Amino acid sequence: MPASATIATANAASPTPWPTPSGPGDLLIADRGFWSSSRAFTATGANLLVRLQSNHLDTAQDELADGSYVSMMWPGKKVRLRAAREGRTLPKQTVSRVITFTKDDKVAYLGTTLLNPEQYPASELIALYRQRWEIELAFDEIKNHLGPSGPLRSRTPEGVRQGLWSYLTVPHAIRQFAHAAALADPTVDTDRISYLKCVRVIRRSVPSQLGATTTKLACPFPKPLKRHAAD
């Protein structure tokens, strides 16, 4: 795998979907709908791993030993016009690799610029793409379990920023507790620690902290978290 990875988590409604900058050694991972526009990043030396729509598979050239195949792709009209407006030059054609896998009993496709199947096995790239969904779960945790039930109450820009930071800080702290619990003996995969159960454990602990000393407040949560959250 490349030394670092830039993970794009934009959805189709996002007006500015791509993180910048990117360059050699970066791997840009994205969901469906961004394959054409993401190819502009190959000019920076970055590699791509993007979910493909079934009508964007383009022309198959050679089948590879791991079941994936090399494909020849051309940037669409909208992508060419956007690049021209931004003063960018796109390659006339792009050689990529298409990987087929099963998701929820349905056939799905990944497009990647990592062409060597021995150096970048299809199974590893599929597993890596699935890890991208970890950020989607994080968004769900914030919006549906700890997020605001309505509009932010502050009427000033600084107050809104403070409110947003609080909604980001609390989930991060809960995940830190879950990570500590996962590393406690015996070690378990952090993904097995339920975020919602962690929230419930921490909420139940709040009354016991009333009037507690700083020493008691410093007592870590790992054991109760693991006992209750991993069930």
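A closer look at the overall build of the protein
Then comes step 1: Looking only at helices and strands, the protein has 8 helices and 7 strands in total.
Then comes step 2: Nonlocal contacts in the protein, meaning residues at least 24 apart in sequence, comprise 47% of its contacts between residues at least 6 apart.

Remarks on helix α3 (residues 122–131)
Then comes step 1: By the burial criterion, the buried members of α3 are A122, L125, I126 and Y129. Down the axis, α3 shows its buried residues gathered within 100° of arc, on one side only.
Then comes step 2: Tucked inside the fold, the buried residues of α3 contact β2 (27–30), β3 (47–52), β6 (94–103), β7 (106–112) and α4 (133–146).

Points about the pairing of β3
Then comes step 1: With respect to burial, β3 is a largely interior element, 6 of its 6 residues being buried.
Then comes step 2: Of the two faces of β3, the one carrying N47, L49 and R51 and the one carrying L48, V50 and L52 are both buried.
Then comes step 3: As paired elements, β3 and β7 share 4 bridges and run antiparallel to each other. Each residue of the ladder has a partner; that of V50, found in β7, is G111.

Looking at the packing of α4 against helix α6 (residues 195–205)
Then comes step 1: Two elements in contact, α4 and α6, have axes separated by 11 Å at closest approach and are oriented at 45°. Compared by their axis directions, α4 and α6 come out oblique. The hand of the α4/α6 crossing is right-handed. In this structure, α4 uses E141, H145 and L146 to contact α6, whose residues at the interface are Y195, L196, V199 and R203.
Then comes step 2: In terms of residue class, the contact of α4 with α6 is made up of 4 nonpolar, 1 polar and 2 charged.

Quick look at the nonpolar core
Then comes step 1: Counting 13 residues, the largest nonpolar core has L49, I99, F101, L110, L125 and Y129 as its most contacted members.
Then comes step 2: Tallying contributions element by element places α3 first for this core, with 4 residues.
Then comes step 3: Apart from residues lying up to four places away in sequence, L49 is in contact with L27, L28, I29, A30, L110, G111, T112, L125, L128 and Y129.
Then comes step 4: Grouped together as the second largest cluster of nonpolar side chains are 10 residues, L146, V188, C198 and V199 included.

Rules used throughout
- Residues numbered from 1 in each chain as written.
- Predicted model: local features only at pLDDT ≥ 70, side-chain atom pairs only at ≥ 80, totals over all residues.
- Heavy atoms only, no water.
- Helix = DSSP H or I, 4+ residues; strand = E, 2+ residues; numbered from the N terminus.
- Contact = heavy atoms within 4.5 Å.
- Buried < 20%, exposed > 50% of the residue type's maximum accessible area, 1.4 Å probe, protein only.
- Arc of directions from axis to C-beta.
- Pairing = 2+ DSSP bridges.
- Axes fitted to C-alpha atoms, helices over the stretch in contact; angles between N-to-C directions.
- Parallel < 35°, antiparallel > 145°, perpendicular 65-115°, else oblique.
- Left-handed = near helix turned anticlockwise from the far one by under 90°.
- Nonpolar A, V, L, I, M, F, W, Y, C, P; charged D, E, K, R; others polar.
- Core = buried A, V, L, I, M, F, W, Y, C linked by side-chain atoms within 4.5 Å.

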